Amino acid sequence: MKIAVAGCAGRMGRMLVQEILATDTVTLAGGTEPQGSPFLGQDIGRLVGTTEPLGIAITDDPSSLFSHADAVIDFTTPDATTVHARLAATHRTALIVGTTGFSPTQQEAVSIAAKSIPIVMSPNMSIGTNLLFALTERVAAILGLDYDIEILEMHHRHKVDAPSGTALGLGQAAARGRRTTLDDVSQITRNGHTGPRTPGTIGFASLRGGDVIGEHTVIFAADGERVELTHKASSRQIFARGAIRAARWCNGRRPGLYSMQDVLGLTPRTP
């Protein structure tokens, strides 16, 4: 299976290239960077420190990338991913999306593309984190409204959005467990005299500092006890491995918008 990487010179892009090269069952089809990038024209092997050049130049032509790959992994920006989704549909190329922060219009563009091709879209490609999503939904359903839910996340100082896409995904999982929607119960910020906590809400707290790759904790707090579910990432390699697993899963898959829950067989089955 031929896999390409959009945004291959970023931290996540380089990790993806390295993992693809280290995985026997897939081959690297290419990589792109935006116009003006200093990495354009460079051999992609040199980018990640291979002993010999791979003969694959980094380009700014995503259309060519999609035409030569069976699947493209995209950890870029919402604007770029929206363009990539349309190209993926045109070339019938599977798309793996780790980008977060989509507007409703951008999300709709991805959903439309998924009518033609398989797209796996997840705020976090880590296998452990996706297990945390499933556990969060289950625990929220079991514990009910007697337990307050708070979601704490911490990331490196360079992260520009908050709460993280993973934190919001955990909030959505908890809301599903309670048979509601996160939009109806989320409490994103607290400042000043807030008054007592509103029953049934799902709260968020975001910390930023150092080089923390990602830590997420879902807290279920009640009178007399507290249950905490935690995942800590110590290497971006876990996200790359999950994305490659998702790309392989898409091979021969019918069109549709899927998640890592589907890839891992964690999606509840309809009787």
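Rules used throughout
- Residues numbered from 1 in each chain as written.
- Predicted model: local features only at pLDDT ≥ 70, side-chain atom pairs only at ≥ 80, totals over all residues.
- Heavy atoms only, no water.
- UniProt positions renumbered as here; feature names shortened; annotations may be inferred.
- Helix = DSSP H or I, 4+ residues; strand = E, 2+ residues; numbered from the N terminus.
- Salt bridge = Lys/Arg side-chain N within 4 Å of Asp/Glu carboxyl O.
- Buried < 20%, exposed > 50% of the residue type's maximum accessible area, 1.4 Å probe, protein only.
- Core = buried A, V, L, I, M, F, W, Y, C linked by side-chain atoms within 4.5 Å.
- Contact = heavy atoms within 4.5 Å.
- Pairing = 2+ DSSP bridges.
- Axes fitted to C-alpha atoms, helices over the stretch in contact; angles between N-to-C directions.
- Patch = residues over 30% accessible without salt bridge, like charges linked within 9 Å, V, L, I, M, F, W, Y side chains within 5 Å.
- Areas by Shrake-Rupley, 256 points an atom, 1.4 Å probe, with all protein chains shown as cover.
- Right-handed = clockwise from strand over helix to strand, strands pointing away.
- Domains from an automatic or database assignment.
- Buried area = accessible area lost by both parts, 1.4 Å probe.
- Expected span 1.5 Å × (residues − 1).

Caption draft 1: Broad picture of the UniProt feature "domain: Dihydrodipicolinate reductase C-terminal" (unreviewed entry) in the protein. In the numbering used here, UniProt assigns the "domain: Dihydrodipicolinate reductase C-terminal" (unreviewed entry) feature to residues 128-264. Helix makes up 37% of residues 128-264 and strand 28%, and the two end C-alpha atoms of the span are 10 Å apart.

Caption draft 2: Quick look at the pattern of salt bridges. In this structure the tally under the stated criterion is 8 salt bridges. A salt bridge links E137 to R176; the nearest nitrogen and oxygen atoms lie 3.3 Å apart. Residue E137 is found in helix α6 (residues 127-143), and its partner R176 is found in helix α7 (residues 165-177); the two are separated by 39 residues along the sequence. A relative accessible area of 43% places R176 in the partly exposed class. With a closest N to O distance of 2.7 Å, R226 and E228 form a salt bridge. Under the relative-accessibility criterion, E228 is labelled partly exposed at 40%. Through salt bridges with shared partners, a single ionic network connects D148, E150, R190 and R197.

Caption draft 3: Layout of the nonpolar core. Within the largest apolar cluster, 36 residues are counted, with the highest numbers of intra-cluster contacts made by I44, I96 and V120. At the level of secondary structure, the elements contributing two or more residues to this core comprise β1 (2-6), α1 (11-22), α2 (44-47), β3 (71-74), β4 (94-97), α9 (237-250) and α10 (260-263). Excluding residues within four positions of it along the chain, I44 makes contact with C8, V17, L28, G30, G31, L54, I56 and I58. Counting 19 residues, the second largest nonpolar core, distinct from the first, contains V72, L95, V110 and A114.

Caption draft 4: Looking closely at the sheet that holds strand β2 (residues 27-32). Read from one edge to the other, the open sheet built from 6 strands follows the order β2-β1-β3-β4-β5-β11, with strand pairing classed as parallel. Where the open sheet ends on each side, the last strands, each with one partner, are β2 and β11 (256-258). Ignoring strand direction, the axes of neighbouring strands in this sheet form an average angle of 20 degrees. As defined by bridge partners, β4 adjoins strand β5 (residues 118-121) across 3 bridges and the pair is classed as parallel. Looking at β5, one finds that V97 is bridged to M121.

Caption draft 5: A look at a nonpolar patch on the surface. Residues L131, L135 and L266 make up a contiguous nonpolar surface patch of roughly 230 Å² in combined accessible area. Overall, L135 belongs to the partly exposed group, its relative accessible area being 40%.

Caption draft 6: Region of the structure containing unusual backbone geometry. The amide bond that connects A162 to the next residue, P163, takes the cis arrangement and shows omega of -10 degrees. Inspection of the secondary structure assignment puts P163 in the loop between β6 (148-155) and α7. Positive phi, close to 60 degrees, is recorded for R179, a residue that is not glycine. By secondary structure assignment, the location of R179 is in the loop between α7 and α8 (182-185).

Caption draft 7: Up close: the pairing of β4. With burial as the criterion, each face of β4 is covered, one bearing A94 and I96 and the other bearing L95 and V97. For β3 and β4, the ladder comprises 4 bridges, and the chain directions are parallel. Note that in β4 the partner of A71 across the bridge is A94. Traced from β3 through helix α4 (residues 78-91) to β4, the parallel crossover comes out right-handed.

Caption draft 8: Quick peek at the domain arrangement of the protein. Considered domain by domain, the protein is made up of domain 1 (2-121 + 236-264) and domain 2 (127-233). With 9 residues of domain 1 in contact, the opposing surface of domain 2 contributes 11 residues. Carbon and sulfur atoms make up 60% of the area that domain 1 and domain 2 hide from each other, which totals about 850 Å². For the pair domain 1 and domain 2, the number of links is 0 salt bridges.

Caption draft 9: Seen up close, α9. Taking 1.5 Å per residue as the helical rise, α9 with its 14 residues ought to reach 20 Å, and the 20 Å between its terminal C-alpha atoms agrees with that figure. Within α9, the full set of buried residues consists of F239, A240, G242, A243, I244, A246, A247, W249 and C250. Positive backbone phi, approximately 80 degrees, marks G252, located one or two places after α9.

Caption draft 10: Here's a closer look at the side chain of E19. Following the sequence through the fold, E19 ends up in helix α1. Taking relative accessible area as the criterion, E19 reaches 10% and is therefore assigned buried. The contacts of E19, once residues within four sequence positions are left out, are Q237, A240, R241 and I244.

Caption draft 11: Summary view of the environment of F66. Among the secondary structure elements, F66 is positioned in helix α3 (residues 62-67). Relative accessible area serves as the criterion here: at 1%, F66 is assigned to the buried category. Note: C-alpha distance between F66 and A29 (37 residues apart in sequence) is 9.2 Å. Residues contacting F66, with those up to four places away along its chain left out, are V72, H84, L87, A88, H91, T93 and L95.

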